[in-house]
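Observations on the three-dimensional arrangement
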Amino acid sequence: MRLPVERGPVSAAVVAALAEGTDADDRALVTLLDRRPEDHDTVLDDDLQLALWVLYELHYRGFDGVDDAREWDPDLLRLRAALESRFELDLRTRTRADVVAASDAAAEVFEQVEALVERIDGPSLARFVQRAATHEQFLELMMARSLYHLKESDPTSFTLPRVDGPAKVALAELQYDEYGGGRPDRLHAGLFAEALRGCGLDASYGAYLDLTPAHTLAVNNAMSMFGLHRRLRGASLGHLGAFEMTSSLPCRRYAQGIRRLGLPEVVAEYYDEHVEADAVHEQVALRDICGRLVADEPALHEDVLFGAATCLRLEEVSATETLGHWRAGRSALVGVEHREAM
Amino acid sequence: MSAGPLEGVEPAAEGAVEVTVCPRGPMLLRGATSVQDGEGRAHPVTRPVVAVCVCGKTQREPWCDGTHKVLRTP
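Keep in mind the model is a prediction, meaning the values are calculated, not measured.

1. What about the overall build of chain B?
From N to C terminus, chain B includes 0 helices and 5 strands. Reading the helices (α) and strands (β) of chain B from amino to carboxyl end gives β-β-β-β-β. In chain B, buried positions account for 19% of the 74 residues. By sequence separation, contacts in chain B at least 24 residues apart represent 18% of the contacts at least 6 residues apart.

2. A short note on unusual backbone geometry
Omega for the peptide link from Glu61 of chain B to Pro62 of chain B comes to 5°, which places this bond in the cis form. Structurally, Pro62 of chain B is set in the segment after β5 (49–52). Phi is positive for Ser153 of chain A, which is not a glycine, with a value near 75°. Tracing the backbone through its elements, the reader meets Ser153 of chain A in the loop between α7 (135–149) and α8 (154–157). One non-glycine residue, Arg24 of chain B, lies in positive phi territory at about 55°. Mapped onto the secondary structure, Arg24 of chain B falls in the loop between β1 (18–21) and β2 (27–30).

3. Quick word on the sheet that holds β1 of chain B
Residue and element names in this part refer to chain B. In spatial order, the strands read β1-β2-β5; together these 3 strands make up an open sheet with antiparallel pairing. Taken across any chain shown, the strands that pair with only one partner, and hence form the sheet edges, are β1 and β5. Each neighbouring strand pair of the sheet contributes to a mean axis angle of 25°, computed without reference to strand direction. Direction of pairing for β2 relative to β5: antiparallel, over a ladder of 4 bridges.

4. Points about the interface of chain A and chain B
The interface of chain A with chain B comprises 18 residues on the first partner and 20 residues on the second. Top contributing element to the side of chain A that touches chain B by residue count: helix α14 (residues 265–296) of chain A, with 8 residues. Its residues assigned to classes, the side of chain A that touches chain B shows 8 nonpolar, 4 polar and 6 charged.

5. Points about the confidence of the model for chain B
Residue and element names in this part refer to chain B. A residue-level look at chain B finds 77% of positions with pLDDT of 70 or above and a mean pLDDT of 83. Note on residues 1–5: pLDDT is under 50 here. Beyond four places in sequence and across chains, it has 2 contacts. The ipTM for the predicted assembly is 0.82, set against a pTM of 0.93.

6. Description of the packing of α7 of chain A against helix α11 (residues 214–228) of chain A
All names here are of chain A. At a minimum axis distance of 10 Å, the contact between α7 and α11 shows a crossing angle of 15°. The angle between α7 and α11 falls in the class roughly parallel. As α7 packs across α11, the resulting crossing turns out to be right-handed. From α7, Ala144, Leu147 and Tyr148 reach across to α11, where they touch Thr216, Val219 and Asn220. A class-by-class count of the residues in the contact of α7 with α11 yields 4 nonpolar, 2 polar and no charged.

7. What about the confidence of the model for chain A?
Confidence in the prediction of chain A, expressed as mean pLDDT, is 95, and 98% of residues score 70 or more. Note on residues 338–342 of chain A: pLDDT under 50 across the span, and 9 contacts to partners over four residues away in sequence or across chains.

8. Thoughts on the nonpolar core
General note: in soluble globular proteins, nonpolar side chains tend to be found buried as a group. Membership of the largest hydrophobic core comes to 109 residues, with the highest contact counts inside it found for Val14 and Ile289 of chain A. Taken together, domain 1 (9–91) and domain 2 (98–327) of chain A each give at least three residues to this core, which thus spans both.

9. As for the environment of Ala167 of chain A
Position of Ala167 of chain A among the secondary structure elements: in helix α9 (residues 165–178). When sequence neighbours within four positions are dropped, the list of residues in contact with Ala167 of chain A reads Ile289, Arg292, Leu293 and Asp296 of chain A.

10. Some details on the domain arrangement of chain A
Residue and element names in this part refer to chain A. Once the domains are mapped, chain A shows domain 1 (9–91) and domain 2 (98–327). Using only C-alpha atoms to locate each centre, domain 1 and domain 2 end up separated by 24 Å. Residue-level contacts link 16 residues of domain 1 with 16 residues of domain 2. Sorting the residues of the side of domain 1 that touches domain 2 by element identifies α3 (46–57) and α4 (74–105) as the ones contributing at least two each. Here the side of domain 1 that touches domain 2 takes 6 residues from α3, the largest share from any one element. Residues of the side of domain 1 that touches domain 2, tallied by class, amount to 9 nonpolar, 2 polar and 5 charged.

Quick notes on the rules
- Residues numbered from 1 in each chain as written.
- Chains lettered and ligands numbered in written order.
- Predicted model: local features only at pLDDT ≥ 70, side-chain atom pairs only at ≥ 80, totals over all residues.
- Helix = DSSP H or I, 4+ residues; strand = E, 2+ residues; numbered from the N terminus.
- Buried ≥ 20, exposed ≤ 12 C-beta atoms within 10 Å, placed from the backbone.
- Contact = placed C-beta atoms within 7 Å.
- Pairing = 2+ DSSP bridges.
- Axes fitted to C-alpha atoms, helices over the stretch in contact; angles between N-to-C directions.
- Nonpolar A, V, L, I, M, F, W, Y, C, P; charged D, E, K, R; others polar.
- pLDDT = per-residue confidence, 0-100.
- Parallel < 35°, antiparallel > 145°, perpendicular 65-115°, else oblique.
- Left-handed = near helix turned anticlockwise from the far one by under 90°.
- Core = buried A, V, L, I, M, F, W, Y, C linked by C-beta atoms within 7 Å.
- Domains from an automatic or database assignment.

Spelled out as structure tokens, the structure:
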């Protein structure tokens, strides 16, 4: 994929260093970051989230014309660490009360994540798509979500070698299903590409990065941060658990909305597949993966809830922002002019 | 070699179907090749583990579709 258009001084410096093959001045950039107040909202910070997303992408597919070795460039890694520490602090602050409330609500991980889902009850994009979204609004959602779904499940795969025993076996089982269960034509990322094409959209990897808002980048970045740090393996799997627990029913609503809009059946089929797959994955992720992980490594219990709460809080921000833009008659994407049709 | 991480886990017999009942949720099947619905139609199993509806309210019989979560618990 191509390098994106910058959204501020930090992302500009990262993009320039990668495009030109030059060193990034990480010290100067960290100084820039330090000018942000301590309680700064990192989730809506386009510059920070884009810089972080680009740095993470070096660990996935990389960028056209950028040396693959930049993945382990010490200057870029130092900058990444500075961005991550701000992002993680923000996420921990946002979810602290949730984690305490969930811990108090029940003893088992499954019930605790259920308590989180009940507690963090943000607006539902799925319900909006089911009943009211326009064709154009739905396409915006597909474009923004393509960033994740074209590498669906990849962030969690980084966690596989970091856990052991029954939790690892269950995670491998879940990922095997996500990756098509031995059939290339059932790879979930491939099914999403088919759905994009069914909508008349570009299914090439990262095609809509420049249009993707900060909060959606943050959703992606949280998964990458959790996956790429062994320290955060509990959060990675807690995130997976909450994601799967809140997927099956919303996917049914999406499928209904897609059929209401008269889009091709291949688009609805992606969501049909997830109604069924995620009804399974919810049980596997929470009972077999998170439950066994916590039994084997009790010290990770709190981080499992942190990851789960992060998933739900970021989804809440993303849904609130997206619906806010749509209800005001604006596009929810970056740099798209007001359109009268909406 | 020391005992591995799977110590204490019973290996499933070759070809056996393993059934896991999830409290207030579906029934998970591992190792099944086909599941018959209430009308005798066979549904092939195409994933490593499948969730069979237990609440009877699914719209994708015989598979769980998460509907049990929106049912009122007595």
